[in-house]
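# Coordinate inspection notes
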Amino acid sequence: MKDTSKHQGLRNQLAKVLQQKGIVDENVLNAVRKIPRHLFIDSSFESHAYQDKAFPIAADQTISQPYTVAFQSQTLAVKNFHKVLEIGTGSGYQTAVLLELNAEVYTIERQRELFKKTSLFLPKLGYKPKKFIFGDGYKGLPEQAPFDKIIVTAGAPFVPKALLGQLKVGGSLLIPVGDKTQIMTLFTRTSPKEFEKQELGDFAFVPMLEEKN
Ligand code: SAH
């Protein structure tokens, strides 16, 4: 697990690229400058780690593109000690960004292999979510609800009702919705029964799956 000044230089460059693409939240940019993304992907892809690209990880899944992670993190507007539920732990890179933003993170992954790998790996880097959960993100985490923020990092064919129901009033759910490509959608709970919806552009994610393998 080596991190060198060369890696640091590449991370600073990546943060600049993200700034050029419209990321302005300094806390998010600092997280990108700090987190050793090359350690989250297979070492054979190491030379690509600081390009603004998605990459394959285990179990046919991908680590999201840095711009997508930064965009979702900036849009969520996570504040210190916010209780955040993440659906789709994957490599844990987005989880690490949320932890750098001082959120209290609960993260769910449905692929056992990734769940095992990432729940061992992240704490080694010093990143400690409140809870790693092996399970189905469509159900959310009723026993820990309500949440300030819920972030979904897989493409959802529809908006799971359970997730909306687990938001605090004033809280929000950020979820890419659609089949082949997804529209990034932000739902804010404005009262116990009302939600405001904002659509924030097209993205591409691996699908949020319903059946466990
Ligand atoms: N944030 C991750 C993104 C990984 S891709 C990263 O940057 O690495 C999306 C992840 O969502 C995959 O790991 C996939 O296995 C997971 N996933 C898909 N459907 C899910 C579901 N129903 N519940 C929980 N996780 C799910």
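Each remark here, short or long, concerns the structure printed above.
An account of the accompanying structure is given in this report. Everything numeric in this text was worked out from a predicted model, so none of it was measured.

## A word on the environment of Gln198
- Inspection of the secondary structure puts Gln198 in strand E9 (residues 194-203).
- Distance from Gln198 to Thr185, taken between C-alpha atoms, is 5.7 Å for residues 13 residues apart in sequence.
- What Gln198 contacts, discounting residues up to four positions off in sequence, is Met184, Thr185 and Leu186.

## A short note on the site of the ligand
- Contacts to the ligand come from 26 residues, most closely from Thr62, Ser91, Glu109, Gly137 and Leu209.
- Here a nitrogen atom of the ligand sits 3.3 Å away from a polar atom, N or O, in the side chain of Thr153.
- In the complex, 99% of the free accessible area of the ligand, which totals 580 Å², lies under the protein chains.
- Looking at the shell around the ligand, the elements that each hand over two or more residues are strand E2 (62-63), strand E3 (83-87) and strand E4 (104-109).

## Examining helix H2 (residues 26-34)
- Burial in H2 covers these residues: Val28, Leu29, Ala31 and Val32. Across the axial projection of H2, the buried residues extend over an arc of 155°, all falling on one side.
- Those residues of H2 hidden inside the fold are in contact with helix H1 (5-20), helix H3 (66-76) and helix H4 (93-100).

## Let's talk about the pattern of salt bridges
- This model, assessed by the stated rule, comprises seven salt bridges.
- Lys21 is the salt-bridge partner of Asp52, the closest N and O atoms lying 2.6 Å from each other. Residue Asp52 is located in the loop between H2 and strand E1 (55-56), and its partner Lys21 is located in the loop between H1 and H2; the two are separated by 31 residues in the primary sequence.
- Judged by its relative accessible area of 42%, Lys21 is partly exposed.
- Ionic pairing is found between Lys168 and Asp148, a salt bridge with its closest N-O pair at 3.2 Å. Of this pair, Lys168 sits in strand E7 (residues 167-177) while Asp148 sits in strand E6 (residues 147-152), and the two are 20 residues apart along the sequence.
- Overall, the relative accessible area of 31% leaves Lys168 in the partly exposed class.

Definitions and limits used
- All residue numbers here refer to positions counted from 1 along the written sequence of the relevant chain.
- Totals for whole chains, interfaces and linings use all residues, but because this is a predicted model, local features are given only for residues with pLDDT of at least 70 and pairs of side-chain atoms are given and counted only at 80 or more.
- Water and hydrogen atoms play no part in the side-chain values, which are based on all heavy atoms of the structure.
- Per the convention used, a helix needs a DSSP run of H or I reaching at least four residues, while a strand needs a run of E reaching at least two, with both numbered from the N terminus.
- Contacts between residues were defined by any pair of non-hydrogen atoms, one from each residue, lying within 4.5 Å.
- Here, proximity means that at least one heavy atom of the residue falls within 4 Å of the molecule or strand.
- Pairs of N or O atoms within 3.5 Å make up the polar contacts considered here, provided that, within protein, one atom can donate a hydrogen while the other can accept it, and that residues adjacent in sequence are counted only when both atoms are side-chain atoms.
- Only the protein chains shown count as cover for residues, with accessible areas throughout obtained via the Shrake-Rupley method and a probe of 1.4 Å.
- Each residue gets one of three labels from its accessible area relative to the maximum for its type: buried under 20%, exposed over 50%, partly exposed in between, using a 1.4 Å probe on protein chains only.
- It is the directions from the helix axis to the C-beta atoms that the arc portrays.
- Only one rule defines a salt bridge in this text: a Lys or Arg side-chain nitrogen within 4 Å of an Asp or Glu carboxyl oxygen.

Shape is all these values report; function is a separate question.
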